[in-house]
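Below are the chains, spelled out letter by letter.
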Amino acid sequence: PFSLGDHPFGQNTPGKDYFAMTMRGIVNSSYIMFIIGLTAAFIGVVIGAIAGYYRGWVDAVLMRFTDVVIVIPIIVIGAVVGTAVGGLGPLLLAVFLGFVAWTGVARLVRAEFLSLREREFVEAARVAGASDLRIIFKHILPNAIGVVIVSTTLLLSAAIILETSLSFLGYGVKSPEVSLGLLISENQSAFQTRPWLFWWPAGFIVVLSLLVNFIGDGLRDAFDPRQKRVVFRRVKELP
C-alpha cells in the first residue's frame, strides 16, 4: 500500500519519485553553480588584480575588453552555448558560462587593488625587492579577500538563477539529466492541479541562493584581515 514515506514529494506524471528527482536536480544545479562561480571568480580576480596593480595601458586594455563582454547579454550567450554543446553535458556548459560571467568580479577587484596598491605595506614590499607577482598575490590579494568572497558568493547566486533559467527555456540541462530548472519546465503545465511539482524545485533554488550568501558573509568575516583588526581593537577598548 502507498504511504507518504514512499514518495514524500509525490510523483510526477510518469509515476517517478519526485523526491529522488529533486535531490538529483539539486546536485546537478549545485555542481553547475560552483563550476560557473569558481571559473568566473578565478578569471575575474586575475584580470582585476593585473588591471588594478599595473594601471596605465594594461588597465585600459583589460577594462575595455571587460566592457565588451559586459554588454553581451549572458543569457543569450548561454542559449547559444547550450544549443551548440547539445548533449555534451552540463560540465562544458558551466565552463563556457564561467568564461563570460567574470566581469563583475574583475571590476570590483580592480577597484580594491587601485586603493590597496598605494598603501605603505606595498611600498615596503617593493623596497624589500619583492616581485610584482608576490606583491599581488601575497600582499594585496589577502587584504582584498573580503571583496573577492562577497562578489564570488553573489556570482554563485546569479549562476544558479542563470542555470535554472537556461534549463527552463530548454537551452541548459536536457533530459535524461535533471536540474531544478528542468523540473520546473517539465511540470509547468501541472501548476494548477499539482503545484508541489513546481514549488519543490523552486523552493530549493531560493534556499541554495540564500545559503550561498550566508556562507559568503561568514567566510568574509573569518578571512578578511581588516575585519580581524576591527574586532581586536574593540576588544582592547573594553574595560
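Scroll up for the structure.
Residues numbered from 1 in each chain as written. Predicted model: local features only at pLDDT ≥ 70, side-chain atom pairs only at ≥ 80, totals over all residues. Heavy atoms only, no water.

So, about the pattern of salt bridges. Counted under the stated rule, the structure contains seven salt bridges. For Asp 59, the salt bridge goes to Arg 110, with nearest N and O atoms at 2.7 Å. You can see Asp 59 sitting in helix H2 (residues 56-71) and its partner Arg 110 sitting in helix H5 (residues 103-116), a full 51 residues away along the chain. Between Glu 123 and Arg 126 there is a salt bridge, with the nearest N and O atoms lying 2.8 Å from each other. A residue pair is termed a helical-turn pair when its members lie 3 or 4 positions apart in one helix, as Glu 123 and Arg 126 do in helix H6 (residues 120-127) at three residues. Look at Arg 126 and you get partly exposed, because its relative accessible area is 27%. (Salt bridge = Lys/Arg side-chain N within 4 Å of Asp/Glu carboxyl O. Helix = DSSP H or I, 4+ residues; strand = E, 2+ residues; numbered from the N terminus. Buried < 20%, exposed > 50% of the residue type's maximum accessible area, 1.4 Å probe, protein only.)

We now examine the packing of aromatic side chains. Applying the stated criterion to the full structure yields four aromatic pairs. Relative to Tyr 54, the ring of Tyr 53 has its centre 5.1 Å away and its plane inclined at 90°; by these criteria the two rings are edge-to-face. Relative accessible area serves as the criterion here: at 40%, Tyr 54 is assigned to the partly exposed category. For the ring pair Phe 65 and Trp 102, a centre distance of 5.8 Å and an interplane angle of 25° mean the geometry is stacked. With Phe 65 in helix H2 and Trp 102 in the loop between helix H4 (90-98) and H5, this residue pair connects regions lying 37 residues apart in the sequence. (Phe/Tyr/Trp six-rings, centres within 6.5 Å; stacked < 30°, edge-to-face > 60°.)

Looking now at the nonpolar core. In terms of nonpolar packing, the biggest core is built from 47 residues, with Ile 36, Trp 102, Val 109, Phe 113 and Ile 140 touching the most fellow members. Among the elements that line this core, the one with the most residues is helix H1 (residues 18-54), at 11 residues. Beyond its immediate chain neighbours, meaning those up to four positions away, Ile 140 contacts Tyr 53, Phe 113, Leu 116, Arg 117, Phe 121, Val 122 and Ile 135. If you look at the next biggest cluster of nonpolar residues, it comprises five residues, including Tyr 18, Val 178, Leu 183 and Leu 197. (Core = buried A, V, L, I, M, F, W, Y, C linked by side-chain atoms within 4.5 Å. Contact = heavy atoms within 4.5 Å.)

What follows concerns a nonpolar patch on the surface. Taken together, the side chains of Val 206, Val 207, Leu 210, Leu 211, Phe 214, Ile 215 and Leu 219 make up a nonpolar region of the molecular surface, amounting to roughly 640 Å² of accessible area. With respect to the helices, strands and loops of the structure, Phe 214 is situated in helix H10 (residues 196-223). Judged by its relative accessible area of 56%, Phe 214 is exposed. (Patch = residues over 30% accessible without salt bridge, like charges linked within 9 Å, V, L, I, M, F, W, Y side chains within 5 Å. Areas by Shrake-Rupley, 256 points an atom, 1.4 Å probe, with all protein chains shown as cover.)

Without other data, these values stay purely geometric and don't point to any function.
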